[in-house]
2 protein chains.
Amino acid sequence: MLLPRRAVLAGDTFSSRSSIRLPSKCIWNTLQKRGITIESLDSQRNNRERVVVLGSGWAGYSLARDLDSKKYQAVVVSPRSYFVFTPLLASTSVGTLEFRTALEPVRSRRTKVEFFQGWADAVDFESKKLSIEEAVEDPWQGRSLTGDRHEDESQVERAHEKQTQAKKGQLFDMTYDKLIIAVGCYNQTFNTKGVKENAFFLKDVGDARKIRNRLLSCFEEAALPTTSDEMRKQLLNFAVVGGGPTGIEWSAELHDLITEDMKKLYPDLVKHVHITVYDVAPTVLSMFDEKLAKYAMNHFKREGISIKTSHHVEELRIGAPGQEQKKIRDDATGYTIKLKEEGEIGIGMCVWSTGLMMNPFVANALAGKVKRDEKSGGIMTNGRLQAKTENEGIVPDVYALGDCAMMEDTSYPATAQVASQKAGWLAKRLNKRDIEQNVFTYKDLGVMAYIGNSKGLFQSSGADISGRVAWFIWRGAYLAKSVSWRNRMLIPMYWFINWAFGRDISRF
Amino acid sequence: MLLPRRAVLAGDTFSSRSSIRLPSKCIWNTLQKRGITIESLDSQRNNRERVVVLGSGWAGYSLARDLDSKKYQAVVVSPRSYFVFTPLLASTSVGTLEFRTALEPVRSRRTKVEFFQGWADAVDFESKKLSIEEAVEDPWQGRSLTGDRHEDESQVERAHEKQTQAKKGQLFDMTYDKLIIAVGCYNQTFNTKGVKENAFFLKDVGDARKIRNRLLSCFEEAALPTTSDEMRKQLLNFAVVGGGPTGIEWSAELHDLITEDMKKLYPDLVKHVHITVYDVAPTVLSMFDEKLAKYAMNHFKREGISIKTSHHVEELRIGAPGQEQKKIRDDATGYTIKLKEEGEIGIGMCVWSTGLMMNPFVANALAGKVKRDEKSGGIMTNGRLQAKTENEGIVPDVYALGDCAMMEDTSYPATAQVASQKAGWLAKRLNKRDIEQNVFTYKDLGVMAYIGNSKGLFQSSGADISGRVAWFIWRGAYLAKSVSWRNRMLIPMYWFINWAFGRDISRF
């Protein structure tokens, strides 16, 4: 048995830990310098109900801000300290916008939302208690995830680790009166070989930063005098996997960067550039009408972006085609993508966006405690967004929304729009305390995508718009939707400055 | 003997490598995908003289831009792809300005400067040839350096590595007609134990980013419910070592961040914050008159920033005082600074700025080839900025300026002002081809520093100004000095937005 006896004897972390207080001169309190109470939070509660919101995305962030601070103590628990305005991420990843214009910090002087940076580790619906793992210095901060962060540990190892973390105050308990589960989803890789390790994702701002740096360094590598033309072609061959809005918009932004800036900065290199979008499905942008999707495809074709539908990625690895597998990318070797239909192709980088994987918190911590949607694996809720138990009951005071939840008898897509409408509705109902008289309904305001060269797509009930007008709508809508005045001022400023002077290509 | 025979037999890398061209189907050309020529550069030369500029700081960046592209082919070789406007770095490190407002990429659509991202590795003054090590994916990109990046290797190991790099095209030769050495300096740590590993420096934009993230995470750690008050005090105890303008301005910017933003965002934590500036000298800001330095010290005292002069740092390590040495910083343990005068003190972070260490390129690659200044170790030049040989001659067509050079019979300080005046002067002389009739003279335009709370110091011949007016001069001067219109628009925008809405505290 691997586990030391001490750890096993320490007992259930849930039952008693939050009530223990160590004397201040206890040896390991001096060493770890951590208490294990949440007293200060309790003292500021003032008879208000505590609403703990797990997650700071479209659902959690909006809901926490909208709660009436006279009635509720809103506490956001999230591994990241900010909300990401996801529709602008692709723009930030090529420098059309600066990264921070797509961010809003959860802590704000204009709201009374409390915040703890951490992961929800476990929840006990009976005693209304959460176990939280702090994540202030989480090395994955800002990066999208593709799997459970504890997946390398056995259950016994994880249990042991939890004991240690609890002792150090890295794992602590918090009670709730109402719990909002809005933890979102991870990136789906379908366990394609090498994708987790070598692909670039685009779900958080750290991803955008990684993409921007890699993208620009592909050009800089290619500009070295010793790089051969063959290698230049590989470095400047960009693969995008997934023909949804993220993949399409990123290709469009990349194309803009190349035609508007790189052409002037690296005039000799642009002839080597190629962008290809791969998708397993027979079409891309399937959420749009056929007419609009076709418009986008024709536009891409004219701009020289290849769209390869019904293509299957089998592997993504470091190094050039034909070269032996490398562990660490040294020199300008780039990556190799292997397709069922075409074999190995040398690329500079691969941006991966093939949909969502259910959050391991839902899959593991809530296993057996809530009813889950068969298809997505998400938490099933009723029309009031209340989480359902496996035997069709209701988990008391627990709500679920955003990409990790699915409302019964609906097929609302896992989009920001659905998440934020649910959040607005739920905050209103909780503030008015009239949830029992209401049921959530979704109002589809349409879908939009940017397809490059100042052109867009916009589709809502009755209106199909493509081209420059749709691009204006795209920009206008996202500017209006921006949360803070800060960003509402910065975004058009950057649009103007980067149009007038070009995007910044400094890498750091 | 460790070195394989092959490497020894390969001969002097200088003598013949640049003229070898491998047949395109040669085996390892297919593997490495690299050529070893700089043909494209040669083809664009058009009978112009090639001026290779080593470095992209105040000296190298300005000079390369100012050279007449009809007369010279300017080629900048630098491990970083941008110029840093250093006086604004402290502002970016706390979020008063966004990082990129202090950067200008070397590649620009408005100049004809060629750029290769790499380190100068060796130089042969006889054959006018440089050996360059490419650095596109350098993991230290954007970070200030404290020692030779090859210091862990023996001479034999390095020689072997160079052979391998040369084969891969990672090390390549370039000829010059004129060579400008403006490689700058590294950070001085006086080999104080643990400083290289654990201190935060402030010389490049990656440093500023690291500081901003750590700074904000100190507050976030301290805000966790399980952090004890004792630990909070440690995490929010900020040490600054070095009472020069960098150390003082950073303390001032940190103080502004705390009083203007953190006080509102973490109201319970501000009482724990403390800032201390340590210096071995009996005074700080020694480049200012006693009156101005005293004004700054009194201002700091009123604002609660401690200045401890005649203090000696003996060690900086991970962990809390009294705690055993830790290799990796886990949990919220912060750092411990050990002072000769006060013993161990727990701190959240230490910003280190105690002057300059001579660039190893000057110390190693140029050893015996140029005359060096006894005190700084810099390259001695004559009044025309021409590098001197050890026997008081002139190295033909080699100029040295910036922090790595010292003009004979002068004691000009190692400042941006001196570097940029030298660069402007040299570019003009080279463009007019009249250097033999001229000698460089420095015109002191005064010194400035920001001391927090919208107050500054400004001193020039005949004028001593302190307080708000000096702060206006400080802002006005740096805004006017900004290189690009892009940044001249963004900087006041950020000043306004952060004044109106507060600084952004998102970490990623």
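Residues numbered from 1 in each chain as written. Chains lettered and ligands numbered in written order. Predicted model: local features only at pLDDT ≥ 70, side-chain atom pairs only at ≥ 80, totals over all residues. Heavy atoms only, no water.

### Quick look at the overall build of chain A
Each helix and strand counted, chain A has 16 helices and 24 strands in total. Computed over its C-alpha atoms, the radius of gyration of chain A comes to 24 Å, within 12% of the 23 Å expected for a compact globule of 508 residues. Across its three principal directions, the C-alpha atoms of chain A cover 70 × 55 × 45 Å. The buried share among the 508 residues of chain A stands at 60%. A separation of at least 24 residues holds for 69% of the contacts in chain A among residues at least 6 apart in sequence. Looking at chain A as shown, the accessible area adds up to about 20800 Å², and 52% of this sits on carbon and sulfur atoms. Across chain A, 71 positive and 62 negative side-chain charges occur, with their mean positions spaced 5 Å apart. (Helix = DSSP H or I, 4+ residues; strand = E, 2+ residues; numbered from the N terminus. Rg over C-alpha atoms; globule rule 2.2 N^0.38 Å. Buried < 20%, exposed > 50% of the residue type's maximum accessible area, 1.4 Å probe, protein only. Contact = heavy atoms within 4.5 Å. Areas by Shrake-Rupley, 256 points an atom, 1.4 Å probe, with all protein chains shown as cover. Lys, Arg positive; Asp, Glu negative; His and termini not counted. Charge placed at Lys NZ, Arg CZ, Asp CG, Glu CD.)

### Structural notes on the pattern of salt bridges
All names here are of chain A. Following the criterion strictly, the structure yields 60 salt bridges over all chains and no others. A salt bridge links D397 to K178, with the shortest nitrogen-to-oxygen separation between them at 3.7 Å. Within this pair, whereas D397 is found in strand β20 (residues 394-400), its partner K178 is found in strand β8 (residues 178-181), the two being separated by 219 residues in sequence. By relative accessible area, which is 25% here, D397 ends up partly exposed. Relative accessible area serves as the criterion here: at 10%, K178 is assigned to the buried category. In this structure, D434 engages R429 in a salt bridge whose closest nitrogen and oxygen atoms are separated by 2.6 Å. Judged by relative accessible area, which is 16%, D434 ranks as buried. According to the relative accessible area criterion, R429 is buried, its value standing at 10%. A network of salt bridges, in which partner residues are shared, links D121, E133, R149, R158, E161 and K162. (Salt bridge = Lys/Arg side-chain N within 4 Å of Asp/Glu carboxyl O.)

### Some details on the domain arrangement of chain A
All names here are of chain A. Assigned domains within chain A: domain 1 (23-185 + 358-368) and domain 2 (195-355). Inter-centroid distance (C-alpha atoms) of domain 1 to domain 2 is 34 Å. On the domain 2 side, the residues contacting the 23 residues of domain 1 number 19 residues. Approximately 1900 Å² of surface area, both sides summed, lies buried where domain 1 meets domain 2, with 57% of it carried by carbon and sulfur atoms. (Domains from an automatic or database assignment. Buried area = accessible area lost by both parts, 1.4 Å probe.)

### Some details on the relation of the copies chain A and chain B
Put simply, the two copies of the chain differ by a rotation about an axis and a shift along that axis. Superposing chain A onto chain B takes a rotation of 180° combined with a translation of 0.0 Å along the rotation axis, leaving an RMSD of 0.0 Å. In short, the pair behaves as if placed about a two-fold rotation axis. Comparing contact sets, 100% of the residues at the interface of chain A also lie at the interface in chain B, consistent with an isologous, same-surface contact. (Least-squares fit on C-alpha atoms with pLDDT ≥ 70 in both.)

### Quick look at the sheet that holds strand β10 (residues 237-241) of chain A
All names here are of chain A. Reading across from one edge, β12-β11-β10-β16 is the order of the four strands in this open sheet, with parallel pairing throughout. Both outer strands of the open sheet, β12 (305-308) and β16 (349-352), are each paired with one neighbouring strand and no more. On average, adjacent strands in this sheet sit at an angle of 20° to one another, irrespective of strand direction. Bridge count between strand β11 (residues 274-278) and β12: four bridges; the pairing is parallel. Within the sheet, the bridge partner assigned to T276 lies in β12 and is S306. (Pairing = 2+ DSSP bridges. Axes fitted to C-alpha atoms, helices over the stretch in contact; angles between N-to-C directions.)

### Quick word on the pairing of strand β14 (residues 335-339) of chain B
Two faces, one strand: in a regular strand the side chains alternate between the faces of the sheet. Residue and element names in this part refer to chain B. Most of β14 sits inside the fold, with four of its five residues counted as buried. Across five bridges, the pairing between strand β13 (residues 313-318) and β14 is antiparallel. Each residue of the ladder has a partner; that of L316, found in β14, is I337. The pairing of β14 with strand β15 (residues 343-347) spans five bridges and is classified as antiparallel.

### Re the side chain of T336(B)
Residues and elements named next belong to chain B. With respect to the secondary-structure elements, T336 resides in strand β14. In terms of polar contacts, T336 uses its side chain to reach the backbone carbonyl oxygen of A320, at 3.5 Å. Beyond its immediate stretch of four places on either side in the chain, T336 contacts E315, L316, R317, G319, A320, P321, E344, I345, G346 and I347. (Polar contact = N/O pair within 3.5 Å; in protein donor to acceptor, adjacent residues only side chain to side chain.)

### Brief notes about the side chain of N431(A)
Residues and elements named next belong to chain A. Tracing the backbone through its elements, the reader meets N431 in helix α14 (residues 416-432). There is a polar contact of 2.9 Å between the side chain of N431 and the backbone oxygen of D66. Among residues more than four places away in sequence, those in contact with N431 are D66, L67, D68, K71 and Y72.

### Quick notes on empty space enclosed by the protein
Scanning all chains against the criterion turns up nine cavities of 30 Å³ or more. Around the largest cavity sit E98(A), F99(A), R100(A), R209(A), F508(A), E98(B), F99(B), R100(B), R209(B) and F508(B), which together line it. Of the residues assigned to the lining of the largest cavity, the class counts are four nonpolar, no polar and six charged. (1 Å grid on protein atoms, 1.4 Å probe; cavity = no way out; pocket = protein on both sides within 12 Å on 5 of 7 lines; lining within 4 Å. Points joined across faces, edges and corners; volume = space filled by probe spheres on them. Nonpolar A, V, L, I, M, F, W, Y, C, P; charged D, E, K, R; others polar.)

### Quick notes on the interface of chain A and chain B
Contact residues are listed per partner, giving 77 residues for chain A and 77 residues for chain B. In total, about 7600 Å² of surface goes out of reach between chain A and chain B, with carbon and sulfur atoms giving 53% of it. Counting across the chain A and chain B interface gives 10 salt bridges. Residue D261(A) is joined to R109(B) by a salt bridge in which the shortest nitrogen-to-oxygen separation is 3.0 Å. Taken together, chain A and chain B are joined by 29 residue pairs in polar contact (both at pLDDT 80 or more). Elements with a contribution of two residues or more to the side of chain A that touches chain B: α3 (27-32), β4 (103-105), β5 (114-124), α9 (205-222), α10 (229-235), α11 (245-265) and α16 (485-501) of chain A. With 10 residues, the top contributor of residues to the side of chain A that touches chain B is α16(A). In the side of chain A that touches chain B, the residues fall into 30 nonpolar, 19 polar and 28 charged.

### Focus: the environment of F83(A)
Residues and elements named next belong to chain A. Take F83: it is sitting in strand β3 (residues 82-84). In this structure, the C-alpha to C-alpha distance between F83 and S62, residues 21 residues apart in sequence, is 9.0 Å. The contact partners of F83, leaving out residues within four places of it in the chain, are S56, G57, W58, Y61, A102, L103, E104, V106 and V483.

### A few points about the packing of helix α15 (residues 468-481) of chain A against α16(A)
Residue and element names in this part refer to chain A. One can describe the packing of α15 onto α16 by two numbers: an axis separation of 9 Å at closest approach and a directional angle of 150°. Looking at the two axes, α15 sits roughly antiparallel to α16. Seen from above, α15 lies across α16 with right-handed handedness. The residues of α16 that touch α15, namely those facing R475, L479 and A480, are R488, I491, P492 and W495. (Parallel < 35°, antiparallel > 145°, perpendicular 65-115°, else oblique. Left-handed = near helix turned anticlockwise from the far one by under 90°.)

### Brief notes about the sheet that holds strand β23 (residues 455-460) of chain B
In a beta sheet, neighbouring strands are held together by backbone hydrogen bonds and run either parallel or antiparallel to one another. Residues and elements named next belong to chain B. If you walk across this open sheet you meet the three strands as β22-β23-β24, and the pairing is antiparallel. Strand pairing shows two members of the sheet lacking a second neighbour, β22 (447-452) and β24 (463-467), which therefore form its edges. Here the average twist between neighbouring strands, direction ignored, is 10°. Where β23 lies against β24, five bridges are found, and the strand directions are antiparallel. Counted as the bridge partner of Q459 is D464 from β24.

### Remarks on the nonpolar core
F238(A), W250(A), L426(A), W250(B) and L426(B) are the most contacted members of the largest nonpolar core, which has 232 residues in total. Excluding its chain neighbours within four sequence positions, the residues that come into contact with W250(B) are A90(B), S93(B), V94(B), L202(B), I211(B), L215(B), V240(B), M349(B) and V351(B). (Core = buried A, V, L, I, M, F, W, Y, C linked by side-chain atoms within 4.5 Å.)

### Observations regarding the packing of helix α5 (residues 58-66) of chain A against α14(A)
To characterise two packed helices, one gives the angle between the axes of the helices and the distance between these axes. Residues and elements named next belong to chain A. Relative orientation of the contacting elements α5 and α14 amounts to 25°, with a least axis distance of 8 Å. With respect to α14, the element α5 is oriented roughly parallel. The handedness of the crossing between α5 and α14 is right-handed. Along its contact with α5, which presents W58, A59, S62, L63 and D66, the element α14 presents A416, A419, S420, A423, G424, L426, A427 and N431. Across the contact of α5 with α14, the residue classes tally to eight nonpolar, four polar and one charged.

### Some remarks on the packing of aromatic side chains
How two aromatic rings sit relative to each other is given by the distance of their centres and the angle of their planes. Taken as a whole, this structure holds 33 aromatic pairs over all chains when the rule is applied. Taken together, a centroid distance of 6.1 Å and an interplanar angle of 40° make the contact between F496(A) and W499(A) tilted. Placement of both F496(A) and W499(A) in helix α16 is noted, with a separation of three residues, approximately one turn of the helix. When its relative accessible area of 68% is taken as the criterion, W499(A) is described as exposed. Geometrically, the ring pair formed by Y61(B) and F83(B) is stacked, given 4.6 Å between the ring centres and 5° between the ring planes. (Phe/Tyr/Trp six-rings, centres within 6.5 Å; stacked < 30°, edge-to-face > 60°.)

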